[in-house]
Each structure stands twice: as C-alpha cells, then as structure tokens.
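Secondary and tertiary structure notes
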Amino acid sequence: MLTGSIARKSVAFSFPFPAILVGLICWLSLVAVTGVALWREREQAIKEGMRSAEATAALMEQHTATTFRAVHLTLEDTARRLEAGQPAHDPGMRAVMREQRRNMPYVRAVYVIDPDGYVSHDTDYPSTSRVSLADRAYFKAHKENALLETSVSAPLESRSGAGMFIAVSRRVKGAQFRGIVVAAIPLSYFSALYQKISLGEGQRLYLFHADGTKLVQFPPDDATIGRSFKEYPLFAKHLPRAKEGTLVTNGGPLYYQRIFRYQALDNEPLVVALAYDERVVLASWWRMFSAAAVALFALTLLIGAVVFQFMRDQQLRQRVRERAMQGEKLEALGRFTSGITHDFANVLGIIGSSLELISLRLRSADDMTREAVDVGRRAVHNGAAMTHELMAFARKRDLQLVRTNLNESLSSYLPLLQQAAGPRIRINLSLAAELEPCMVDGTQLETALINLVVNARDALGGSGTIEISTSDIRRRATRGWGFDKNLYATCLTVSDKGAGMSDEVRQRALEPFYTTKGDHGTGLGLPQVYGLARQLGGDLSIDSAPGKGTSVHLFFPAAPPPA
C-alpha cells in the first residue's frame, strides 16, 4: 500500500544538548557536593565515637590499674612478712591477712602456697582445708622461673565452687623457692565495676589478658569468657605495635562491625577495651543520608520529568511546524494545481467540443477516422476525470455536506468496498459503540474509502484482511500526532498487515503524482483523500513501518448541533 505520514513521520528536531548538558553538570555537581558533605559528616561522627571510646577506655584503665596496684601492694606486704620469718599460721599473721582482706572488698581471698604447692594459710581459715594447688599454671610459673616476681593468671574456676576468678600472685623471696602469696579477684567484681560506667546503646566493655584470653565482658557473655582471641587483629597486629589505639573490626569477639578502642595497662598483662557498634554511632548520619538520598532521588525525578517534558514539547512544536510547512507546501501546490487544472479543463472542453463537432460531420467517413475520433473523446473524458481529482486535491471543488454517522455509512459502503477489495480480501468492520455525527460528502467519502481499500489490497498482494474501524478520538491517546485532539471528534482508520514502507516513501506519500506502483498508479489516490479530509476541516495521519503494515487515520470534526 502506498503510504506516508505527515504527523507520524520521522521528525528531525534540534536536540537541546547545551541546556541538557548544563542541567546534567549542575545535577552532578549537586550530587558531588552532597556526597562530600555526607562523607565528612560520616567521618566526623566516627571521630566523635572514637573520642568517646578513648575517654571511656581511659577511665576503665584507671579503675582497673588502681585495683591491681592495691592488690600488689597488699601481696608485697604479706610476702615481706613471710620473708622476714613470720610463719603463715602465726595468729598475728592471720590477723594481718584478714585485715588486708577487709580493706580490699574486690578480693575474695588471700592465701599462701608453700613450696610443695599446698595452701598453708588463707583468709578463710579455719574453714579451708589443706589442699594442693601445685597443678595451677601460676604456681608452676613461679616455681620454674626464679626471675618471675609477680603474675596475673588467666580466668580460673574456683575448686571451692566460688566461681571464676583471676589469681594475682607474688613470689616469696629466698635462697630457695619458698612459695607464693596469692589474691583471688572474682570476675564478678569487674562486671560490677564496669556496670557503674554509663554505657550507651551498642557499647561493650572488655578486659583481656595480654595473651588474648577474654577475662570479663559487660554486658556479660559467659559463653566466651576464658576463650582465646590471640589470632585476631587486636592481639596479632595492633597490640604488639602500640599499647593503645583504635581500630574498626567485625571479627574476634565482635559479631558485627564495631569501633574498637583498646588500652594496655602499665606493668600488668591486661588490656581494657571498649567497642562501639558502628551502626549506633552512625545512626543519626544514616538518617541524614536517607533524607539526602530521598531528596536527591526526588530532585532527579523532577529534573528528569522537566527534561522529558521539555523534549516532548520541543518535538511536538517541531511536528507542528513540520505540519504547518507541509500544509503550506500543499496549499501552494493546490493553488498551482487549481490554476493549471482550470486552464487544462478549458482546453479539454474546447477539444471535446471540437471532437463532437467533427463526429457529427464524419457520418460518411471511413471507420479508421471515426475510431480515431472516439479515441480522442475517451482521452478527453479521462482527462476530465483527472481534473476532477486534481480539483478535489486542491480543495476547489464544492462538496455536498450532510450530517452523517460514520458507522451507518461504513455499513452501507461495505458491499462496494468488498467488491473493490477482491474475492481473496476480507474486510472487518470494528465500529465504536457511540460516535458523534460529522459533516461529510457521502460520495467523496465513498471514493476516498475505495482508494484506501485498493491501496491496502495492493499492499497485501491480493489476499489477507483489511481492518476498517471508527473511534471517538477524545477517548483515545493521540500518541503525539501533533495536534490538539479536542479539534476533532471522530477517527476512521483503514489498516492492513502488508509490507509497510520506509520513511522516505512515507514522507512523500501525499505528494501528487508520487507513486510506487509504476505504470499502474497515478499518484493521486492519497492526495485526493488528504484533500477531502482537509476540505472537511479534518486531518490525515499515517502509521507505517517496514514489515509492520500500514494504518491510515482520517480525523473529522464533530457536526454542529442541528438547527
């Protein structure tokens, strides 16, 4: 089918690259500035968390160190008494040790272990029986290492059922190994001590042995007390390099990413640590980030909508300009065609009259002469028919307009249209339930439909289906046809599933005398249909693409109310 498009053709319009580029640069700049600001806020929040952790860890170190200094001083006093020859079971020595115990509420018991590993005396005397502690690691360490003066043990389970404790021990000096003095500090003391430190949400306090053994955790986690974490970064990498510091970790005793502040005690194999849940530290930052992300997303959508609407308006304006230019071109061509057609019709009239006069005087002429005259008369008749088509294209022909319902007209035209389509073409009618009447010339509408059906038949190769439909244009999307849909009320569409056509063919389809049918076409079918549509105050649009068929849309304004 010979097809073309005015409103649906490919439109080359000026793409607003500078404006869009400036908008994109502004948007990227805003995103960059927002990103930098958010990153700085995040770093600031983490630094604040680290400073808070540093202060809390220093407070923990101070309390813990004070406790152990007091214990060491007490054990030193007791060891000196023993070194001076005072027996551990002496009543005076017992009284001193009991007094020392009362002055250290954080110590559960103070006891003396003789060189053989037996408890020779403790502050629970006389309730404590003589038991051997020779298998304890801290006792073995002192016995085997004469240079070891003091030690702090890993967490131990009390054999008397008093719970876990840390053993702080001191060697009793002498030429030979004379035993040790031990103070047992229950782990529950440290939990109570750390509980007095005000903790925020997501914070954890820890006390580790320098070998990586966890001694205390608050809030408590008894399942990991006594477990070694020496393979984790704190003990494997950071502690050997610096006695205090801050790191971010998600391993070790921590089950998710935390800000970890640690500080080793001076002169003690102990490490205090405070862990901050990074999610809590960054909670306010995440709220800020979410608000900024939502704002940027909304701004992006807004900018996208503005750009899309701007481009859509640009394209629509370009299409309107193209339609106006095409209309002006066709209008000029129509005026030119009208003048030539008028003069040509006059010439044909003279020729026709002359031929009629000649035919009247050639009654006795030979057959060849009469046949030549008949051929001339038929040529004049065909030329006259062509002038009628040109006048219709030029919109200089008077139309007999009547108030018409297109559904009724199509139903009455169907037999004639089916005959024009041929025996192997099927015509399907799809008529809108409600359709406003419009003003049309019935004869010219019938001729236009025959032209469209014939074109569709040729596009289908003589077999297939042609769809003819009507619709209320005010109830359907105009799909960017380039005009206000409120100008028209009714749309009549003739569609086929033929070969379609290229953009070049489509753009020239409404040019008079342009045809793709060779000698079988005149190139006036579609121009005549378009001329009729424009003369009725309507319009024409063609949808087509190679391999996807063609749809010709005729738009008609609503008929005025009946007088």
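First things first, this report covers the structure right here in the doc. Only a predicted model underlies this, so the values are computations on that prediction, with no experimental measurement involved. (Residues numbered from 1 in each chain as written. Predicted model: local features only at pLDDT ≥ 70, side-chain atom pairs only at ≥ 80, totals over all residues. Heavy atoms only, no water.)

1. Observations regarding the overall build of the protein chain
Going by this rule: To qualify as a helix, a DSSP run of H or I must reach at least 4 residues; to qualify as a strand, a run of E must reach at least 2; elements of each kind are numbered from the N terminus. Exposure classes here rest on a 1.4 Å probe applied to the protein chains alone. A residue is buried below 20% of its type maximum, exposed above 50%, and partly exposed in between. Residue contacts are counted whenever heavy atoms from the two residues lie within 4.5 Å of one another. All accessible-area figures derive from a Shrake-Rupley calculation using a 1.4 Å probe, and residue coverage is judged against the displayed protein chains alone.
For the protein chain, the count of helices and strands is twelve helices and 18 strands. The buried share of the protein chain, taken over its 563 residues, is 43%. Pairs at least 24 apart in sequence give 64% of the contacts found in the protein chain among residues at least 6 apart. In the form shown here, the protein chain has an accessible surface area of approximately 29,100 Å², with 56% of it arising from carbon and sulfur atoms.

2. Some thoughts on the nonpolar core
Where we set the bar: Among buried residues, those of type Ala, Val, Leu, Ile, Met, Phe, Trp, Tyr and Cys that are joined through side-chain atoms within 4.5 Å constitute a nonpolar core.
Counting 47 residues, the largest nonpolar core has Val71, Val107, Val110, Val181, Phe190, Tyr194 and Leu207 as its most contacted members. Among the elements that take part in this core, helix α1 (residues 17-83) stands out by supplying eleven residues, more than any other. Apart from residues lying up to four places away in sequence, Val107 is in contact with Val71, Arg101, Ala183, Ala184, Ile185 and Pro186. Listed in part, the 38 residues of the second largest apolar core include Leu406, Leu452, Leu492 and Leu540.

3. Here we look at the pattern of salt bridges
A side chain with one charge can pair with a side chain of the opposite charge if their charged atoms come near. To be explicit about the condition: Counted as salt bridges are all cases of a side-chain nitrogen of Lys or Arg within 4 Å of a carboxyl oxygen of Asp or Glu.
Counted according to the given criterion, the structure contains nine salt bridges. Of the charged contacts in the structure, one is a salt bridge between Asp77 and Arg81, with a shortest N-O distance of 3.2 Å. With Asp77 and Arg81 both in helix α1 and four residues apart, the pair spans about one turn of that helix. Judged by relative accessible area, Arg81 falls into the partly exposed class, the value being 30%. A salt bridge links Asp539 to Arg534, with the shortest nitrogen-to-oxygen separation between them at 3.6 Å. Each of the salt bridges in this network shares a partner with another, and the network as a whole consists of Glu149, Arg170 and Lys173.

4. Let's talk about a nonpolar patch on the surface
Put simply, the test is: Think of a patch as exposed residues, more than 30% relative accessible area, with no salt bridge, where like charges cluster within 9 Å and nonpolar side chains (Val, Leu, Ile, Met, Phe, Trp, Tyr) cluster within 5 Å.
A contiguous nonpolar surface patch, about 370 Å² in accessible area, is contributed by Leu21, Leu24, Ile25 and Leu28. Residue position: Leu21 is located in helix α1.

5. Focus: the packing of aromatic side chains
Spelled out, the test is: Stacked, edge-to-face and tilted are the three classes for Phe, Tyr and Trp ring pairs, Trp counted by its six-membered ring, which pair at centre distances within 6.5 Å; planes under 30 degrees apart are stacked, over 60 edge-to-face, the rest tilted. Placement of a positive charge over a ring is assigned whenever Lys NZ or Arg CZ falls within 6 Å of the ring centre and within 35 degrees of the normal to the ring plane.
According to the stated counting rule, one finds ten aromatic pairs in the structure shown. Here the aromatic rings of Tyr206 and Phe208 are separated by 5.7 Å at their centres, their planes lie at 20°, and the arrangement is stacked. Among the residues examined, Tyr206 registers a relative accessible area of 1% and is labelled buried. Classification of Phe208 as buried rests on a relative accessible area of 0%. Their ring planes at 45° and their centres at 6.0 Å tell us that Tyr206 and Phe260 sit as a pair that is tilted. Of this pair, Tyr206 sits in strand β7 (residues 203-209) while Phe260 sits in strand β10 (residues 258-264); the two residues are 54 residues apart in sequence, bridging distant segments of the chain. One residue, Arg108, lies across the ring of Phe165, its end atom 5.5 Å from the ring centre.

6. Considerations on the environment of Gly212
With respect to the helices and strands, the residue Gly212 is situated in the loop between β7 and β8 (214-218). Counting along the chain gives 14 residues from Gly212 to Gly226, while the straight-line C-alpha distance between them is 9.3 Å. Look past the residues within four positions of Gly212 in its chain and what remains in contact with it is Arg227, Ser228, Phe229, Lys230 and Phe235.

7. Considerations on unusual backbone geometry
A negative phi holds for most residues other than glycine; trans holds for most peptide bonds. Residue Pro219 is reached from Phe218 by a cis peptide bond, and omega for that bond is -5°. Along the chain, Pro219 falls in the loop between β8 and α5 (233-241). In this structure, Asn267 takes a positive phi of about 65° despite not being glycine. Its place among the elements puts Asn267 in the loop between β10 and β11 (270-277). Taking relative accessible area as the criterion, Asn267 reaches 78% and is therefore assigned exposed.

8. Section: helix α4 (residues 187-195)
To be explicit about the condition: It is the directions from the helix axis to the C-beta atoms whose arc is reported.
Every buried residue of α4 is listed here: Leu187, Phe190, Ser191, Leu193 and Tyr194. Axial view of α4: buried residues confined to an arc of 165°, hence all on one face. α4 presents Ser188 and Gln195 as exposed residues on the side facing more than 90 degrees away from its buried surface.

9. Things to note about the sheet that holds β8
Rule in force here: Paired strands are those between which DSSP finds at least two bridges. Helix axes are fitted to C-alpha atoms over the stretch in contact, other axes to C-alpha atoms as well, and angles between N-to-C directions run from 0 to 180 degrees.
In spatial order, the strands read β8-β7-β11-β10-β9; together these five strands make up an open sheet with antiparallel pairing. The open sheet terminates on both sides in strands that have one partner only, identified here as β8 and β9 (244-249). For this sheet the average axis-to-axis angle between neighbouring strands, irrespective of direction, equals 20°. Alignment of β7 against β8, held across four bridges, turns out to be antiparallel. If you follow Leu207 over to β8, its bridge partner there is Val216. Packing of α4 onto the sheet brings it into contact with β7, β8 and β11, and relative to β8 it is tilted by some 35°. Helix-sheet contacts for α5 involve β7, β9, β10 and β11, and the interaxial angle to β10 is about 55°.

10. Let's talk about the sheet that holds strand β16 (residues 490-496)
Spatially, β13-β15-β16-β18-β17 is the arrangement adopted by the five strands of the open sheet, whose pairing is mixed. The sheet is open, and its two edges are formed by β13 (425-430) and β17 (539-544), each paired on a single side. Ignoring strand direction, the axes of neighbouring strands in this sheet form an average angle of 15°. Bridging between β17 and strand β18 (residues 550-556) involves six bridges; their strand directions are antiparallel. Bridge assignment links Ser544 to a residue of β18, and that residue is Thr550. Taken strand by strand, helix α10 (residues 442-460) contacts β13, β15 (464-472), β16 and β18, and its axis lies near 140° from that of β15. Together, β17 and β18 form the strand contacts of helix α12 (residues 525-535), whose direction differs from that of β17 by roughly 140°.

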